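In case you want the letters, here they are:
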Amino acid sequence: MKTLFLGGLAARVAPRILGKMTEKLDTTVLAELTDMQRMIPALAEAEIVVGHIWRSDFPEAPRLKLLQAATAGVDMIDLPSLPRGITLCNVFGHEPAIAEYVLMTMLALTHRLVDTVTAFRGGSWAAHQPAGGAPHGEILGKTIGIVGYGRIGREVARRAVSFGCKVIAANRSPIADKRDASEIYPLAELDRMLPQCDALLIAAGLGPETRGLIDARRLALLPARAIVINIARGDVVDEQALAGALERGRLRGAALDVFQTEPLPVESPLWDLPNVLVSPHSASTVAEENDRIVALFCDNLRRYLAGEPLRNVLDTDLRY
């Protein structure tokens, strides 16, 4: 079974996957997508490709049957250029770590934890109320609005309600089971949801309807001193408008794990804003996530070889 691990991410996970597989695969690992001398024959023979990138200028893959994405998001896969009739699957396993990141940053910003600890290490008792310091906030009773109520959104909601938060959400497609959300709005009615949000979580996939979704106008709909958290894709949020709202103190703060340009450019104002927590697209980077994803990879490859139903099959006719 000719299997191609294509791209840098797939190449990095290949040794762990192959080390867990009991079935035999005829494997090629190709990290460099510009190496056409190797890619042309590899794609010509591959029946399975593992990777999270597919471009319209890729060589033909006449034997391809399964594209196993190495990520949950498939916005870097050009769906119209995929060979017809193939099966596309993605992976999950990152939801618990990302949900913890969301609650952690929401708590840290609300409690002004970083500022307080930094000031205190410098010898200042300014945050001490008997010394005249201003009280910090708490998330009890606050409303968190989630844009994109998928696996991550539901994990966040489950944790948020245990902290006494109210959860509302907006989603592109109808949701039959609201679970921990008290209300779910169609994405077209996002403007109705935003004024209620003490914290706004961006957890939606990137597509035509979500690119630039959170712009200056929508940021202005949020209550004063709201928090914005983005763990989805940088292009869902107008970064310049967000930075401006944070500089003016219109928003309490932001936690950003993704950016419009990655790595975050050195000239970005986000680096120097004291009310911004930035992290290098690492919210899900825990050992347990890697173990879960490798197990899913192996299970899906085993299922394919055995002719069994696959997990996490996506509709290749979707336009994200």
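Given the structure is predicted, the values throughout are model-derived calculations rather than measurements. Within each chain, residue numbers correspond to sequence positions counted from 1 in written order. With the structure being a predicted model, the display of local features is reserved for residues of pLDDT at least 70 and the display and counting of side-chain atom pairs for 80 or more, all residues being used for whole-chain, interface and lining totals. Based on all heavy atoms of the structure, the side-chain values leave hydrogens and waters out of the count.

A. Just the overall build of the protein, in detail. Secondary structure elements are taken from DSSP: a helix is a run of H or I of four residues or more, a strand is a run of E of two residues or more, and numbering for both begins at the N terminus. Across its full length, the protein carries nine helices and 13 strands. Radius of gyration: C-alpha atoms only; globule rule: 2.2 Å multiplied by the number of residues to the exponent 0.38. A compact globule built from 320 residues would reach a C-alpha radius of gyration of about 20 Å, and the protein, at 22 Å, matches this within 12%. Along the first, second and third principal axes, the C-alpha atoms of the protein reach 70 × 45 × 35 Å. Throughout, exposure labels follow a simple rule: accessible area from a 1.4 Å probe, protein chains only, divided by the maximum for the residue type, with under 20% read as buried, over 50% as exposed, and the rest as partly exposed. Here the protein, with 320 residues, has 47% of them falling under the buried criterion.

B. Broad picture of the nonpolar core. Grouped together as the largest cluster of nonpolar side chains are 35 residues, with contacts concentrated most on Val147, Met193, Leu200, Leu222, Leu242, Leu251 and Leu270. If you list the elements that add at least two residues to this core, you get β7 (166–171), α6 (190–193), β9 (199–202), α8 (239–247) and β11 (253–256). The leading source of residues in this core is α8, at five residues. Apart from the residues within four sequence positions on either side, Leu270 is in contact with Glu239, Ala243, Leu246, Leu256, Phe259, Leu264, Val276 and Val278. What makes a nonpolar core is a set of buried Ala, Val, Leu, Ile, Met, Phe, Trp, Tyr and Cys residues whose side-chain atoms join them at distances within 4.5 Å. Contacts: residue pairs with any heavy atoms within 4.5 Å of one another.

C. Highlighting the sheet that holds strand β5 (residues 87–89). Two strands are counted as paired when DSSP detects at least two bridges linking them. Read across the open sheet, the six strands follow the order β2-β1-β3-β4-β5-β13; overall the sheet is mixed. The open sheet has two edge strands with one neighbour each: β2 (26–30) and β13 (313–314). Note: strand β1 (residues 2–6) against strand β3 (residues 48–50), three bridges, orientation parallel. Of the residues in β3, the one forming a bridge with Thr3 is Ile48.

D. Region of the structure containing the pattern of salt bridges. Salt bridges, as used here, are contacts in which a Lys or Arg side-chain nitrogen is within 4 Å of a carboxyl oxygen on Asp or Glu. Applying the stated criterion to the full structure yields 17 salt bridges. Residues Glu155 and Arg159 are paired through a salt bridge, measuring 2.5 Å at the closest nitrogen-oxygen approach. Taken together, the residues Glu155 and Arg159, both in helix α5 (residues 151–162) and four residues apart, mark about one turn of the helix. For the pair Glu155 and Arg159, a shared accessibility class is recorded, and that class is buried.

E. Focus on the side chain of Asn230. For Asn230, the position within the fold is in strand β10 (residues 227–230). Definition of a polar contact: a pair of N or O atoms within 3.5 Å, with one able to donate and the other able to accept a hydrogen when the atoms are protein atoms, and with sequence-neighbouring residues admitted only if both atoms are side-chain atoms. At 3.0 Å, the side chain of Asn230 forms a polar contact with the backbone nitrogen of Ala232. At 3.2 Å, the side chain of Asn230 forms a polar contact with the backbone oxygen of Arg233. Look past the residues within four positions of Asn230 in its chain and what remains in contact with it is Ile202, Val237, Ala255, Leu256, Asp257 and Val258.

F. Just the side chain of Thr210, in detail. Structurally, the position occupied by Thr210 is in the loop between β9 and α7 (216–221). By relative accessible area, which is 1% here, Thr210 ends up buried. Excluding residues that lie within four positions of it along the chain, Thr210 makes contacts with Arg172, Leu187, Ala204, Gly205, Asp235 and Val236.

G. Highlighting a nonpolar patch on the surface. Together, Val266, Trp271 and Val278 give the surface a local cluster of nonpolar side chains, amounting to about 310 Å² of exposed area. For Val266, the position within the fold is in the loop between β11 and β12 (276–278). Patches in this entry comprise residues that are over 30% relatively accessible and not in a salt bridge; like charges within 9 Å are linked, as are nonpolar side chains (Val, Leu, Ile, Met, Phe, Trp, Tyr) within 5 Å. Residue exposure ignores everything except the shown protein chains as possible cover, and the areas themselves are Shrake-Rupley values with a 1.4 Å probe.

H. View of the packing of aromatic side chains. Two rings belonging to Phe, Tyr or Trp (six-membered ring only in the last case) form a pair when the distance between their centres is within 6.5 Å. Interplanar angles under 30 degrees mark stacking, angles over 60 mark edge-to-face geometry, and anything in between is tilted. For the structure on display, the rule yields two aromatic pairs. A ring pair is formed by Trp54 and Phe58, whose centres lie 5.3 Å apart and whose planes are at 65°; its orientation type is edge-to-face. A single burial state applies to Trp54 and to Phe58, both of which are buried. Note that Arg151 overlies the ring of Phe92, its terminal NZ or CZ placed 3.8 Å from the centroid. As a reminder, the over-ring test applies to NZ of lysine and CZ of arginine, requiring each to be within 6 Å of the ring centre and within 35 degrees of the ring normal.

I. Quick peek at the packing of helix α1 (residues 8–20) against helix α9 (residues 287–306). Relative orientation of the contacting elements α1 and α9 amounts to 60°, with a least axis distance of 9 Å. Considering their axes alone, α1 and α9 lie oblique with respect to each other. Remark: the crossing between α1 and α9 carries right-handed chirality. Contacts between α1 and α9 involve Val13, Arg16, Ile17 and Lys20 from the former and Asn290, Asp291, Val294, Phe297, Cys298 and Leu301 from the latter. By residue class, the composition of the contact of α1 with α9 is six nonpolar, one polar and three charged. Axes here refer to lines fitted to C-alpha atoms; in helices the fit is confined to the stretch in contact. Angles between the N-to-C directions go from 0 to 180 degrees. In what follows, roughly perpendicular refers to angles from 65 to 115 degrees, roughly parallel to angles under 35, roughly antiparallel to angles over 145, and oblique to any angle outside these ranges. Crossings are classed by handedness, with left-handed meaning an anticlockwise turn of the near helix from the far one by less than a right angle and right-handed meaning a clockwise turn. Side-chain classes are defined by residue name, with Ala, Val, Leu, Ile, Met, Phe, Trp, Tyr, Cys and Pro counting as nonpolar, Asp, Glu, Lys and Arg as charged, and the others, Gly among them, as polar.

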